[in-house]
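Structure at a glance
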Amino acid sequence: MDSGIDLLNSNPGLFNAVINYPAVCLPLLDTAFVEIMTDLEKLSQDDDILIAKANAHVRISNLPQVPAYFRTSIPTSDDVGKLVSVTATVTRSGPVNMVVEMRMYECPKCHGTFPVRADVDRNCQIVPPVVCMANEIPGCKATKFKLIPDDQAHQATMPLRSYQEIKIQEQVNKLSLGTISFSFY
């Protein structure tokens, strides 16, 4: 189910959570989606038909055309952190770039490993950890951590994400008379 309207009709609470907290809900939906694919692959009689993919993502499209979710003008600061649909004209697009989504670190005290995700608010930088998140030893007080190098075996499964910068402009025919159309990167 990728339609926002279908999700709203079948589970309004989940729809509201996804719209208002996409940074939390979409990764959980991604994990559930991969688990469901894995379960279906195990139940499948023919091994060649269903193959679970570890790098699959849930995408929400076709949001209801109500002002709370749907915009014909450039989103405002009130929309930061929310999932909204924007109707606009793409006036410029940049190249498709790749960014490392996650790095693995090792704690020198408890020898546990843990992932650190890229911070979208900091231009997808991976900020080195300051506390141990490995949970190997409860209450580990380590403050310095070793970055686990991306060897060739890990490189094939390294979580990369593609992105593309675009410039959009409000559609002139959707604006009220005398309004200037704005652009947004």
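Source: prediction; values computed, not measured.

What counts, and at which threshold
Residues numbered from 1 in each chain as written. Predicted model: local features only at pLDDT ≥ 70, side-chain atom pairs only at ≥ 80, totals over all residues. Heavy atoms only, no water. Phe/Tyr/Trp six-rings, centres within 6.5 Å; stacked < 30°, edge-to-face > 60°. Helix = DSSP H or I, 4+ residues; strand = E, 2+ residues; numbered from the N terminus. Buried < 20%, exposed > 50% of the residue type's maximum accessible area, 1.4 Å probe, protein only. Core = buried A, V, L, I, M, F, W, Y, C linked by side-chain atoms within 4.5 Å. Contact = heavy atoms within 4.5 Å. Pairing = 2+ DSSP bridges. Axes fitted to C-alpha atoms, helices over the stretch in contact; angles between N-to-C directions. Parallel < 35°, antiparallel > 145°, perpendicular 65-115°, else oblique. Nonpolar A, V, L, I, M, F, W, Y, C, P; charged D, E, K, R; others polar. Polar contact = N/O pair within 3.5 Å; in protein donor to acceptor, adjacent residues only side chain to side chain. Expected span 1.5 Å × (residues − 1).

The next thing to look at is the packing of aromatic side chains. All told, the structure shown has three aromatic pairs when counted by the stated rule. Between Phe15 and Tyr69 the ring centres are 5.0 Å apart and the planes differ by 90°, which places this aromatic pair in the edge-to-face class. A residue pair is termed long-range when its members are at least 10 positions apart, and Phe15 in helix 2 (residues 12-20) and Tyr69 in the loop between helix 3 (22-43) and strand 1 (70-71) qualify at 54 residues. Per residue, the accessibility class of Phe15 equals that of Tyr69, and both read buried.

Looking now at the nonpolar core. Taken as a class, soluble globular proteins show a tendency for nonpolar side chains to be buried jointly. By size, the foremost hydrophobic cluster in this structure holds ten residues: Tyr105, Cys107, Cys110, Phe114, Val116, Cys132, Ala134, Cys140, Ala142 and Phe145. The residues contacting Phe114, other than those within four sequence positions of it, are Arg103, Met104, Tyr105, Cys107, Pro129, Val131, Cys132, Met133, Ala134 and Phe145. With five residues, the next largest nonpolar core counts Phe15, Ile19, Leu63 and Tyr69 among its residues.

Let's shift gears to the sheet that holds strand 5 (residues 113-117). Read from one edge of the open sheet, three strands run 5-4-6, paired in antiparallel fashion. Two strands in the sheet have a free side with no partner beyond their single neighbour: strand 5 and strand 6 (146-147). Inspection of the sheet shows strand 4 (residues 102-106) paired to strand 6 by two bridges, in the antiparallel sense. Looking at the pairing, Glu106 lines up with Lys146 of strand 6.

This brings us to unusual backbone geometry. Unusually for a residue other than glycine, Asn62 sits at a positive phi of about 60°. Mapped onto the elements of the fold, Asn62 is located in the loop between helix 3 and strand 1. Overall, the relative accessible area of 49% leaves Asn62 in the partly exposed class. Notably, His111 is not glycine yet its phi reads approximately 60°, a positive angle. Relative to the elements of secondary structure, His111 occurs in the loop between strand 4 and strand 5.

This part takes up the packing of helix 2 against helix 3. At their nearest, the axes of helix 2 and helix 3 sit 6 Å apart, and the two run at 120° to each other. It follows that helix 2 is oblique to helix 3 by the angle criterion. Here helix 2 contributes Ala17, Val18, Ile19 and Asn20 to the contact with helix 3, which in turn contributes Pro22, Cys25, Leu26 and Leu29. Residues belonging to the contact of helix 2 with helix 3 are distributed by class as follows: seven nonpolar, one polar and no charged.

Right, let's get into the pairing of strand 4. Pairing of strand 4 with strand 5 involves five bridges; the strand directions are antiparallel. Opposite Glu106, over in strand 5, you have Thr113 as the bridge partner. The loop that links strand 4 with its antiparallel partner strand 5 comprises six residues; one of these, His111, has a positive phi angle of about 60°.

This paragraph deals with the environment of Asn16. Summarising the element assignment, Asn16 is placed in helix 2. You can call Asn16 partly exposed: its relative accessible area is 42%. In the structure, Asn16 is positioned 67 residues away from Leu83 in sequence and 9.9 Å away in space, judged by C-alpha atoms. Within polar-contact distance, the side chain of Asn16 engages the side chain of Asn20 at 2.6 Å.

Counting along an α-helix, one turn takes 3.6 residues, and residues three or four places apart therefore face a common direction. For helix 3, spanning 22 residues, the distance from its first C-alpha to its last is 31 Å, which sits close to the expected 32 Å at 1.5 Å a residue. Taken as a whole, helix 3 has its buried residues at Pro22, Cys25, Leu26, Asp30, Val34 and Met37. Among the structural elements, helix 2 are those in contact with the buried residues of helix 3.

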